Amino acid sequence: MAATLPPPRLLPSGDSAVTVEFSRTIDDDANQRVLALDKALAASPIDGITESVPTYRSLLVHYDPGKIGFDALGDRLLALASQKLPPATKARRWRIPVAYGGEHGIDLEDVAKALNTTPDDIVARHVGGDYKVAMIGFTPGWSYLSGLDKSLHMSRRQNPRLLTPAGTISIGGVQAGIQCLAAPSGWHLLGRTPVRTYQLHRNPTFLTEPGDRVTFFAIDHKTFEELDRAAEAGELIAEQVVA
Amino acid sequence: MSRLVVASIGPASSVQDGGRLGAQRYGLTVSGAMDRLSLAAANTLVGNEPFAAAVEIGPFGASFTARDGAVRVAIAGAPRNADIAGSPVAMDTSVTLKDGETLTLGFARGGAFTYLAIEGAIKGEPVFGSLAVNARAGLGSPYPRPLQAGDEFSVDAASGAPELRIELPKPVSGPIRVVLGPQDDEFDDANKALFLNSEWKISATSDRMGYRLEGPAIKHLHGHNIVSDGTVDGSIQVPGNGAPIALMMDRGTSGGYPKIATVITADLGRLAQTSAGTALRFKQVGMAEAQDEARKFAQLIRNLPDRLRSSDTIALNIEALSDANVAGYAVSAVDAGTWQVAAEP
C-alpha cells in the first residue's frame, strides 16, 4: 500500500519534540502509517516519550530530552516507521446525526449553486461518504475526516468566519469535519450535529479517536433539538455500530 | 482554611500551572504558565511543588487580601513594586499576610507576567491533571476564565514558617535561541538568514496563544499553506503575510502554516517576558546544545530549593527603591482578546 510514499523523514520540532513525516500532502496511505506508528508506540512505549499527536501526514512525538536524546529517539522512530507495521486493529464506527441546511447549515444552498446541483444532492453525497478520523486538532474534539466524495472538494471560503457554531458539520478542500466547540472557520457549513465529540463531565470526555470510522445520517431540525437536549444532559447520542 | 480574595486585578491574569498534558491528540491545548521558571520559583518559596497552580498576573497591577486567617504567599517573575500597607515587599521572597492585610502589586516594570504562589497551592478540580485556565475550552479551576476582582481562593492557613528569598541565576540577555525546523525547508537560505539576522519587535496584539513579530516579511518557497501538522510551545510559524508568530502556551495543537524554527525550552520564559515593542533577535543553535540547555533548565528547576535563603538579610526592597524614580512603565504586551486567531482550519 505504501509503495508510492517516500521514506519517512524526521523533522526537529524544538528540543523536546520531533515530527515523523510520511508525506507532505493529504494521503490516506500516509495517514494509515501515522496511525500505525502511533499504535505501535502505545503498545510498546519508548521511555522518555510523553505524548504523541497524530495528524494527516505526520506523527508529532513529544519527549523529555532528560530521558532520551534526539539522535537515539530519532533512530528508534525511523526504524519503527520504516517497518511494515501491522494494520491498525478493527476501527470503531460511529453514526453521527446531522441537521442539514437552514440555520444549521448556512452554506448548503451556496455549495449547491457552486456545484450546479441541488441542496438535497449535496446532502446525499455527504451522507453517502464513508469517513475516517484522520486527526483531531485545532480545538478540542475537532475531528478532521478523510473520505469526502471527490465531487465535494472545493476551496475554502475567501473570508473565513470569525465564529462558527458548536457542532458544525463542514467541508473544506478535500476534508470534511466535525467541529465540537464554537470556533473560527473558513470551511463551508453544511449542517450541525447535536453530538459532542468533547464533553467535559461525560465518560468518555472525547468521543472520537484518530482512526475511527464515521458515517452521517440526516435528521430534521425538530429531532436535532430533542437530541441536543439529551446530549446537553450528558447522553452519548452518537450511535456506535458494532461491526 | 483561610481565604485569599482578589481585591483588584487587570486583564490577562489567570490561574496557571504546569499545563494539561496527554490530550493534545484530542485537540486539547496544553496551557500552563508562560514563564515556568518564575512559577517554579514562587512555588518553591512557599514549599509547593514547582508546577503547582498559582496566579499568573498580567502586566497590570493587582491586589490580594487575606480573610479568615493569615495567608502565606510568594512573588516571582516580572518585577513590580509590591507592598503591604506601604511596607515594601521584595520580588523573589515569601511573605505572610495577616488576616485583613492586602498585598498590592504595581504594573510590571519590564516583562509581563508575575506569579503569586500560595502556601499549600491553589485548590480546585483538575482536568487532565491541571487547573490551568484555557478560556477557549472553558477549562480551569476554580475559575474557568481570567480572574476578576471579587474572586477568591480557599487556601491553607499560613504555617508560620520563616520567610524566605530565593537567589535565582542572573537574568540572561542576548538573542532568543532557536533550532531550525520543522519546516525550514519551506524557506530559501536568504529568507532563513533574514529571519535569523533581523531585529524583531513583539506586536501589541500578542497574547497567551501567540506572540506576533514585527519586522521584515519572510517569504515562503512554496506558498503559505501546508497540510496541518502538530505544534509545540515556541513553534515559530510564518503565515501568508510573512510576519512570524511564536506560538505560546494557549496555542492550537495543530497548525497549517510552515514553521521556520522553534524556540528552545530554556528560552521560552524569556520570550514570554519580552514586552510589546521591545526589540529582540533570534540565534540558531544546534540540537545538541538545545537539548543540553533543556536538561540544565530542568535541573535548575529541580534544584530550586537549594537556592532558598533566609529573608532576614534584606530589610529593604532595594529594587523598589532604585526604581522609584524611573518614569514610564514598559507597556506590555499581552492584552488578551485583541488578537484574532488565523481562521484555520
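Throughout, a residue's number is its position along its own chain's written sequence, starting from 1. Written order decides the labels, with chains lettered from A and ligands numbered from 1. A pLDDT threshold of at least 70 governs which residues receive local features in this predicted model, and a stricter bar of 80 or more applies before side-chain atom pairs are shown or counted, although totals over entire chains, interfaces and linings include all residues.

Under an unreviewed UniProt entry, chain B has the name 5-oxoprolinase/urea amidolyase family protein and belongs to Bradyrhizobium cajani.

Under the annotation held in an unreviewed UniProt entry, chain A carries the name 5-oxoprolinase subunit PxpB and is attributed to Bradyrhizobium cajani.

A. Expanded view of the overall build of chain B. Helix numbering and strand numbering both begin at the N terminus, where a helix is a DSSP run of H or I of at least 4 residues and a strand a DSSP run of E of at least 2. When you go through chain B residue by residue, the secondary structure sums to five helices and 23 strands. Taking 20 Å as the expected radius of gyration for a compact globule of 345 residues, we find that chain B reaches 20 Å, a close match to that expectation. In terms of overall dimensions, chain B has a C-alpha envelope of 60 × 40 × 35 Å along the principal axes. Any residue pair is listed as a contact if its two C-beta atoms, each placed from the backbone, are within 7 Å. If you take every contact in chain B between residues at least 6 apart in sequence, the share linking residues at least 24 apart comes to 79%. The globule rule used here is 2.2 Å times the number of residues to the 0.38 power, and the radius of gyration it is set against is calculated over C-alpha atoms.

B. A look at the interface of chain A and chain B. Contacts between the two partners involve 47 residues from chain A, matched on the other side by 37 residues from chain B. Breaking the side of chain A that touches chain B down by element, the ones donating at least two residues are β1 (9–12), β2 (17–21), β3 (49–54), β4 (58–63), β6 (131–136), β8 (161–164) and β11 (183–185) of chain A. If one sorts the elements of the side of chain A that touches chain B by residue count, β3 of chain A sits on top with five residues. When residues are grouped by polarity, Ala, Val, Leu, Ile, Met, Phe, Trp, Tyr, Cys and Pro land in nonpolar, Asp, Glu, Lys and Arg in charged, and all others, Gly among them, in polar. Class assignment for the residues of the side of chain A that touches chain B results in 24 nonpolar, 18 polar and five charged.

C. Representation of the domain arrangement of chain A within the structure. All names here are of chain A. Partitioning chain A into structural domains gives domain 1 (9–82) and domain 2 (93–241). Throughout, the edges of the domains are those of an automatic or database domain assignment. Between the C-alpha centres of domain 1 and domain 2 there is a distance of 29 Å. Counting residues per element, the side of domain 1 that touches domain 2 draws most heavily on helix α1 (residues 28–43), which supplies three residues.

D. Structural view of the pairing of strand β5 (residues 71–77) of chain B. Residue and element names in this part refer to chain B. The element β5 is largely enclosed, with a buried count of seven among its seven residues. Three exposure classes are used, based on other C-beta atoms lying within 10 Å of a residue's own C-beta, which is placed from the backbone: buried for 20 or more, exposed for 12 or fewer, and partly exposed in between. Of the two faces of β5, the one carrying Val71, Val73, Ile75 and Gly77 and the one carrying Arg72, Ala74 and Ala76 are both buried. Pairing of β5 with strand β8 (residues 93–97), which is carried by five bridges, proceeds in the antiparallel orientation. Considered in β8, the bridge of Val73 is made with Val95. In this description, strands pair whenever DSSP reports at least two bridges between them.

E. Fine view of the sheet that holds strand β17 (residues 235–237) of chain B. Residues and elements named next belong to chain B. Pairing within the open sheet is mixed, and its eight strands lie in the order β21-β14-β15-β18-β17-β20-β13-β22. Whereas interior strands pair on both sides, the edge strands pair on one side only; in this sheet they are β21 (279–280) and β22 (282–284). In the sheet, β17 pairs with strand β20 (residues 259–263) via three bridges, with the strands oriented antiparallel. By the bridge assignment for β20, Ser235 is matched with Thr262.

F. Representation of the environment of His201 of chain A. Among the secondary structure elements, His201 of chain A is positioned in the loop between β12 (188–192) and β13 (213–218). Separated by 137 residues in sequence, His201 of chain A and Asp64 of chain A have C-alpha atoms that sit 30 Å apart.

G. Summary view of the UniProt feature "domain: Carboxyltransferase" (unreviewed entry) in chain B. UniProt positions are given in the numbering used here, feature names are shortened, and annotations may be inferred rather than shown by experiment. The UniProt record annotates "domain: Carboxyltransferase" (unreviewed entry) at residues 25–300 of chain B. Here residues 25–300 of chain B runs as 15% helix and 28% strand, with 30 Å between its end C-alpha atoms.

H. How the structure looks around the domain arrangement of chain B. Residues and elements named next belong to chain B. Taken domain by domain, chain B comprises domain 1 (2–166 + 304–323) and domain 2 (176–294). Centre-to-centre, using C-alpha coordinates, domain 1 lies 29 Å away from domain 2. At the junction of the two partners, domain 1 supplies 18 residues and domain 2 supplies eleven residues. Residues of the side of domain 1 that touches domain 2, tallied by class, amount to six nonpolar, ten polar and two charged.

I. Looking closely at the confidence of the model for chain B. All names here are of chain B. The quantity known as pLDDT measures the predictor's confidence residue by residue, on a range of 0 to 100. On average, residues of chain B carry a pLDDT of 90, and 90% of them reach 70 or more. Low confidence marks residues 320–345, where pLDDT is under 50. Its contacts with residues over four positions away, or in another chain, come to 63 contacts. Across the assembled chains, the prediction reports ipTM 0.90 with pTM 0.89.

J. The arrangement of helix α3 (residues 265–272) of chain B in detail. Most of α3 of chain B sits inside the fold, with seven of its eight residues counted as buried. The elements touched by buried residues of α3 of chain B are α1 (36–45), β13 (176–180), β15 (210–214), β18 (245–247), β20 and α4 (287–302) of chain B.

K. Highlighting the environment of Arg156 of chain A. Residues and elements named next belong to chain A. The residue Arg156 is located in the loop between β7 (143–146) and β8 in this model. Separated by 47 residues in sequence, Arg156 and Glu109 place their C-alpha atoms 16 Å apart. Excluding residues that lie within four positions of it along the chain, Arg156 makes contacts with Gly172, Gly173, Gly186 and Trp187.

L. Looking closely at the sheet that holds β1 of chain A. All names here are of chain A. Spatial ordering of the open sheet is given by β1-β2-β4-β3, a layout of four strands whose pairing is antiparallel. Of all the strands in the sheet, the pair left with one neighbour each is β1 and β3. On average, each strand axis in the sheet is inclined to that of its neighbour by 25 degrees, with strand direction left out of account. Here an angle of 0 to 180 degrees is reported between the N-to-C directions of two axes, which are lines fitted to C-alpha atoms, with helices fitted over the stretch in contact. Here α1 sits on the sheet in contact with β2, β3 and β4, set at roughly 160 degrees to β3.

M. Structural detail: α1 of chain A. All names here are of chain A. With 16 residues, α1 extends 22 Å between its outermost C-alpha atoms, agreeing within 8% with the 22 Å of an ideal straight helix rising 1.5 Å per residue. Within α1, burial applies to Ala30, Asn31, Gln32, Arg33, Val34, Leu35, Ala36, Leu37 and Asp38. Tucked into the core, α1 has its buried residues touching β2, β3, β4, α2 (70–82), β6 and β7. Helix span is expected to be 1.5 Å times the residue number reduced by one.

N. Representation of the nonpolar core within the structure. Residue and element names in this part refer to chain B. Counting 155 residues, the largest nonpolar core has Ala42, Ala54, Val73, Tyr115, Leu116, Ala117 and Ile118 as its most contacted members. By residue number, the principal contributor to this core is α1, which donates six residues. Ala117 has contacts with Ala42, Asn43, Leu45, Val46, Asn48, Ala54, Val73 and Ala74, leaving out every residue within four places of it along the chain. The term nonpolar core means buried Ala, Val, Leu, Ile, Met, Phe, Trp, Tyr and Cys residues held together as one set by C-beta atoms within 7 Å.

O. Region of interest: the environment of Asp83 of chain B. Residue and element names in this part refer to chain B. One can find Asp83 in strand β6 (residues 82–84). Note on Asp83: 16 C-beta atoms within 10 Å, which makes it partly exposed. Distance from Asp83 to Ser63, taken between C-alpha atoms, is 9.6 Å for residues 20 residues apart in sequence. Filtering out sequence-adjacent residues up to four positions away, Asp83 remains in contact with Pro88, Val89 and Thr104.

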